[in-house]
Amino acid sequence: MAGSQKKVVLRRFSPGLLWGYLPSRGFAHAGFLDLLDLSGRVQNIPLSDVKYAAFVRDFNTNDTSAPERLLRKTFLARPRTEGLWLRLTLRDGDRIEGLAPLDLTMADGWVEDMGVQLVPPDIRGNTQRLYIPRAAIDQMEVLAVVTSPSKRKPSTPIPAEDTQQPDLFSMPLPPDSRTH
């Protein structure tokens, strides 16, 4: 496990939370997640047991019910940040929305059937990023592709005025035959 280690709260489907450290990338391989726990030991956690790994600012080890403080799991409105807006339904029926990157880094986890990394709806909370293994996902919906206005395709240009069609409103009207 080379590279910088990030604080993680690991939520499992089976009861129990784990606190520890994971690198930013490359932490899942061969069906396992290598977690460096708070005592300095590496634990091999099967990905099939992991609901999600929350990369957090603080561990909040005294809070045993929701230390990741992931209070809002859906967006209140369309996200403003660029990304692929996803809604995931997990094996236990829990729904989580988030933004996946719009580049090939999203595909990195899918190549080996490992999972997806998302930015949660409330980035001001304790959870900065989520890793959800493929084994935890029951259903995935793409809600929108959110792009910045500067990266949108240019609109089709308005064609120049067609000179072959006569302007019917500026032509003189024929004399009225009913005038006395």
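Residues numbered from 1 in each chain as written. Predicted model: local features only at pLDDT ≥ 70, side-chain atom pairs only at ≥ 80, totals over all residues. Heavy atoms only, no water.

### Brief notes about the overall build of the protein chain
Worth spelling out the cut-off: Think of it this way: any DSSP run of H or I at least four residues long counts as a helix, any run of E at least two long counts as a strand, and we number them from the N terminus. Burial classification: accessible surface area is computed with a 1.4 Å probe over protein chains only, and a residue below 20% of its type maximum counts as buried, one above 50% as exposed, and the rest as partly exposed. Contacts are residue-level and defined by heavy atoms, with any inter-residue pair within 4.5 Å sufficient. What sets the accessible areas is the Shrake-Rupley method with a 1.4 Å probe; for residues, cover comes only from the shown protein chains.
Each helix and strand counted, the protein chain has one helix and eleven strands in total. From first element to last, N terminus to C terminus, the protein chain shows the α and β order β-β-β-β-β-β-β-β-α-β-β-β. Looking at the protein chain residue by residue over its 180 residues, the buried ones come to 37%. Of all intrachain contacts in the protein chain linking residues separated by at least 6 positions in sequence, the fraction that spans at least 24 positions is 55%. Surface accessibility of the protein chain: about 11700 Å² in total, with carbon and sulfur atoms responsible for 54%.

### A short note on the pattern of salt bridges
Here is the rule: Throughout this description, the term salt bridge denotes a Lys or Arg side-chain nitrogen within 4 Å of a carboxyl oxygen of Asp or Glu.
Evaluated as defined, the whole model comprises eight salt bridges. One salt bridge in this structure joins Glu68 and Arg11, with 2.8 Å as the shortest N-O distance. With Glu68 in the loop between β6 (50-56) and β7 (83-90) and Arg11 in strand β1 (residues 5-12), this residue pair connects regions lying 57 residues apart in the sequence. Judged on exposure class, the residue Glu68 and its partner Arg11 are both buried. The salt bridge involving Asp94 is made with Lys73; its shortest N-O contact spans 2.7 Å.

### Things to note about the packing of aromatic side chains
Where we set the bar: Paired rings are identified among Phe, Tyr and Trp, the last through its six-membered ring, by centres lying within 6.5 Å, and are further divided according to the angle between planes into stacked (under 30 degrees), edge-to-face (over 60) and tilted (the rest). Each ring is checked for a lysine NZ or an arginine CZ that lies within 6 Å of its centre and within 35 degrees of its normal; such an atom marks a charge sitting over the ring.
A complete count under the given rule lists four aromatic pairs for this structure. Seen in terms of ring centroids, Tyr21 and Phe59 are 5.4 Å apart; in terms of plane orientation they differ by 85°. Their pairing is edge-to-face. In this pair, Tyr21 is assigned in strand β2 (residues 17-23) and Phe59 in the loop between β6 and β7, connecting sequence segments 38 residues apart. For the pair Phe75 and Trp85, a centre-to-centre distance of 5.7 Å together with 85° between the ring planes defines the contact as edge-to-face. Residue Phe75 is found in the loop between β6 and β7, and its partner Trp85 is found in strand β7; the two are separated by ten residues along the sequence. What makes Trp85 buried here is its relative accessible area of 14%. One aromatic cluster is present, built from ring pairs that chain together Phe27, Phe55 and Tyr131. Directly above the ring of Phe55 sits Arg129, whose terminal nitrogen or CZ lies 4.0 Å from the centroid.

### Things to note about the sheet that holds strand β8 (residues 95-100)
Note the threshold: Strand pairing is assigned whenever DSSP identifies at least 2 bridges connecting the two strands. Working convention: axes come from line fits to C-alpha atoms, limited for helices to the stretch in contact. Angles between N-to-C directions cover 0 to 180 degrees.
The three strands lie next to each other as β8-β7-β11, forming an open sheet whose pairing is antiparallel. Bordering the open sheet on either side are β8 and β11 (137-146), each of which pairs with just one other strand. Neighbour-to-neighbour, the strand axes of this sheet turn through a mean angle of 20°, independent of strand direction. Sheet topology places β7 next to β11; eight bridges connect them, and they run antiparallel. Within β11, the residue paired with Leu86 across the bridge is Val142.

### A short note on the nonpolar core
Counted only if it meets this: The term nonpolar core refers to a set of buried residues drawn from Ala, Val, Leu, Ile, Met, Phe, Trp, Tyr and Cys, joined through side-chain atoms within 4.5 Å.
Counting residues in hydrophobic clusters, the biggest one holds 20 residues, and the most contacted among them are Tyr52, Leu88, Val116, Leu118 and Ile132. Counting only elements with at least two residues in this core, the list comes to β2, β6, β7, β8, β9 (115-118) and β10 (127-133). Ranked by residues supplied to this core, first place goes to β7 with four residues. Within the second largest apolar cluster, 15 residues are counted, among which are Leu33, Ile45, Leu47 and Val50.

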